[in-house]
Amino acid sequence: MGLQEKVMTEMKAAMKAKDTVALESLRAIKSAILLAQTEKGGGDGLSEEDEVKLVQKLVKQRKDSAAIFTEQGRSDLAEPELAQVKVISKFLPAQLTAEEVEKVVVRTIADVGASGMKDMGKVMGLVSKELSGQADGKTISTIVKQKLAK
């Protein structure tokens, strides 16, 4: 079952349960899918990798918004964004822990022979590709910086 079918199934359940937060989140996913499909020219839909990227983007947008609202002392606006993050995150693959990401980063640094911050782009590219959908870019970036700074 593709992402779109899963979203539709969840939307029906959210409508029956009158869960407005879930419904709003699911409608955002559905809207993003439809936009992506029309940009690509429709046809056979999105690949699984594209779907994961799309959902990651939605989660990141919500987290960024919540951070801004919290920074401005607007917890009334931040809470709904964080609630949506929980709903949307259900559609992402299982996320790796920081330790698991660190192992991949250390292995990649050794494979590439990276020796300093000048190699960060190369390491980030390889690790991001390998962990696509399993870890967010911010976590990867932080760990890569820590390891290359040593």
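In case you missed it, the structure is sitting above this.
Residues numbered from 1 in each chain as written. Predicted model: local features only at pLDDT ≥ 70, side-chain atom pairs only at ≥ 80, totals over all residues. Heavy atoms only, no water.

Student: What should I look at first to understand unusual backbone geometry in this one?
Tutor: Note: most peptide bonds trans; most residues except glycine with negative phi. Of note in the backbone geometry, K18 takes a positive phi value of approximately 55 degrees without being a glycine. The topology assignment puts K18 in the loop between α1 (3-17) and α2 (20-40). (Helix = DSSP H or I, 4+ residues; strand = E, 2+ residues; numbered from the N terminus.)

Student: Just to check I follow, could you spell out the packing of helix α6 (residues 120-130) against helix α7 (residues 137-149) for this structure?
Tutor: The geometry of a pair of packed helices is captured by two quantities: the angle between their axes and the separation between those axes. For the pair α6 and α7, the least separation of the axes is 10 Å and the interaxial angle reads 140 degrees. What the angle tells us is that α6 and α7 run oblique. As α6 packs across α7, the resulting crossing turns out to be right-handed. When α6 is examined against α7, the residues M120, V123, M124, V127 and S128 are found in contact with a partner set consisting of G137, I140, S141, V144, K145 and L148. Class assignment of the residues belonging to the contact of α6 with α7 gives a composition of 7 nonpolar, 3 polar and 1 charged. (Axes fitted to C-alpha atoms, helices over the stretch in contact; angles between N-to-C directions. Parallel < 35°, antiparallel > 145°, perpendicular 65-115°, else oblique. Left-handed = near helix turned anticlockwise from the far one by under 90°. Contact = heavy atoms within 4.5 Å. Nonpolar A, V, L, I, M, F, W, Y, C, P; charged D, E, K, R; others polar.)

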